[in-house]
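Take a look at the letters that make up each chain.
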Amino acid sequence: MSVTIGEALRFGIEKLRVSGDSPRADAYRLLENFVDCNSAWLIANQHEALSESARRCFVAAVERRRSGEPVAYITGRSGFFGASYDVNADVLVPRPETEHLVEAALEFLRPRSNVGVLDIGTGSGVIACAIALGLSNVRVDAVDVSGAAIATAKKNAGRLGIAGRCRFLIGDLLAPVKGKRYSCIVANLPYIPTPQLPRRPNSAAFEPKAALDGGPDGLKLYRRLLPQLRDFLEADSLVLLEAAPPALDRLFALAREQFPQARCSVHRDYANIDRFITIATGSAAIGAE
């Protein structure tokens, strides 16, 4: 069956209308993956014939997307902070909102030199890699309890050429870096309350449950982490913690309880929704909330 690129795209868009709110974008991303060209090329070459192998792969990918599977898992790639990362069903799909943590960390780190950064719950390694890509004067340790996630993170760091400045360790929270101190600690831990975990066909339900489930109120792991942090921080340091917006007030209260002398702040995401908190010790500070 011979079809053009335009016909394939129209087919994909129509099929995906029932499975998501971005059928056009999803169809283009899926077809890009099988013709190895960007959307601009697809738009300019709508009358070009699509190879039979590409057509079959595209049709199969559309069906996977119709079932709710994230586009990033189908293509094996996801963008984050200007770079492309390998992703798979062992790790979360990077969220645009998490880019704010990277921006805040880079703002804090930029004036400093030869500093250490710790990324807790690194997953695919996007936060650790983005920080290392953004500044050449940092060394980043990244930990995750999942060995499969750490393998993916190592692959990403190697492909991006920063493996020499990123160290990936398997273990629970701070256990793999016992005895070390850092100028900046970033954590994006599982924070969805167990009763609110997504179910299929919601795309998030395809992601690893262990990377989503934050316990009864979404803060189970943060309650374990916060009392341990002080022993891992330099005197002048910054901690950044992402959580679900409804839990930010409670996380903020926990941070103030553990760091009564620090400057604790709540920060918003692109949608102007509370998304993460910072804990600044000593003279550490970042920009306006």
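Residue numbers run consecutively from 1 along every chain, following the written order of its sequence. Reporting in this predicted model follows two pLDDT cut-offs: at least 70 for local features of residues, and 80 or more for side-chain atom pairs to be given and counted; totals over whole chains, interfaces and linings ignore these cut-offs and use all residues. Where side-chain values are given, they derive from all heavy atoms of the structure, hydrogens and water being excluded.

Lines fitted to the C-alpha atoms define the axes, with helices restricted to the stretch that makes contact. Angles between their N-to-C directions range from 0 to 180 degrees. Helix and strand assignments follow DSSP, with helices taken as H or I runs no shorter than four residues and strands as E runs no shorter than two, numbered in order from the N terminus. Where helix H1 (residues 5-16) meets helix H2 (residues 23-35), the closest approach of the two axes is 8 Å, and the angle between their N-to-C directions is 135°. With respect to each other, H1 and H2 are oriented oblique. Considering how the two elements wind past one another, H1 and H2 form a crossing that is right-handed. On H2, the residues touching Ile5, Leu9, Gly12, Ile13 and Leu16 of H1 are Pro23, Arg24, Asp26, Ala27, Tyr28, Leu30 and Leu31. Class assignment of the residues belonging to the contact of H1 with H2 gives a composition of nine nonpolar, one polar and two charged. When an angle is under 35 degrees it counts as roughly parallel; over 145 it counts as roughly antiparallel; between 65 and 115 it counts as roughly perpendicular; any other value is oblique. By convention the crossing between two helices is left-handed if the near helix lies anticlockwise of the far one by an angle smaller than a right angle, and right-handed if it lies clockwise. Only heavy atoms matter for contacts: two residues are in contact if any of them lie within 4.5 Å across the pair. Think of it as three bins: nonpolar holds Ala, Val, Leu, Ile, Met, Phe, Trp, Tyr, Cys and Pro, charged holds Asp, Glu, Lys and Arg, and polar takes everything else, Gly as well.

Another point: the environment of Ala151. Mapping Ala151 onto the fold places it in helix H8 (residues 147-159). Spatially, the C-alpha atom of Ala151 lies 20 Å from that of Val117, the residues being 34 residues apart in sequence.

Tracing the backbone shows Ser2 in the segment before strand S1 (3-4). Between the alpha carbons of Ser2 and Ser51 there is a distance of 7.6 Å; along the sequence they are 49 residues apart.

In this analysis, rings of Phe, Tyr and Trp, with Trp reduced to its six-membered ring, are considered paired at centre separations within 6.5 Å, and the interplanar angle assigns stacked below 30 degrees, edge-to-face beyond 60, and tilted for intermediate values. Summed over the entire model, instances satisfying the criterion amount to two aromatic pairs. Aromatic ring contacts, followed pair by pair, group Phe80, Phe81 and Tyr85 into a single cluster.

Let's shift gears to the sheet that holds strand S11 (residues 274-280). Whether two strands pair comes down to DSSP finding at least two bridges between them. Pairing within the open sheet is mixed, and its seven strands lie in the order S7-S6-S5-S8-S9-S11-S10. Only two strands of the sheet have a single neighbouring strand rather than two, namely strand S7 (166-170) and strand S10 (263-268). Strand-to-strand twist of the sheet, defined as the mean angle between neighbouring strand axes without regard to direction, takes the value 15°. One ladder, built from five bridges, connects strand S9 (residues 233-242) with S11; its direction is antiparallel. Looking at S11, one finds that Val239 is bridged to Ile279. Contacts from helix H7 (residues 126-134) reach strand S5 (115-120), strand S6 (138-144), S7 and strand S8 (182-187) within the one sheet, and its direction differs from that of S6 by about 175°. Along the sheet face, helix H10 (residues 248-258) touches S9, S10 and S11 and points at about 5° away from the line of S11.

On to the pattern of salt bridges, then. What counts as a salt bridge is simple: a side-chain nitrogen of Lys or Arg found within 4 Å of a carboxyl oxygen of Asp or Glu. Counted according to the given criterion, the structure contains 18 salt bridges. Linking Asp217 and Arg250 is a salt bridge whose minimum nitrogen-to-oxygen distance equals 3.8 Å. Residue Asp217 is located in the loop between S8 and helix H9 (220-229), and its partner Arg250 is located in helix H10; the two are separated by 33 residues in the primary sequence. Working definition: with a 1.4 Å probe on protein chains only, accessible area under 20% of the residue-type maximum means buried, over 50% means exposed, and in between means partly exposed. Assessed through its relative accessible area of 38%, Arg250 is described here as partly exposed. Note that Asp269 and Arg275 form a salt bridge whose closest N and O atoms lie 3.0 Å from each other.

Attention shifts here to the packing of helix H6 (residues 99-109) against H7. At a minimum axis separation of 10 Å, H6 and H7 run at an interaxial angle of 40°. Considering only the axes of H6 and H7, their crossing is right-handed. Residue-level contacts link Val102, Ala105, Leu106 and Leu109 of H6 to Ile127, Ala130, Ile131 and Gly134 of H7.

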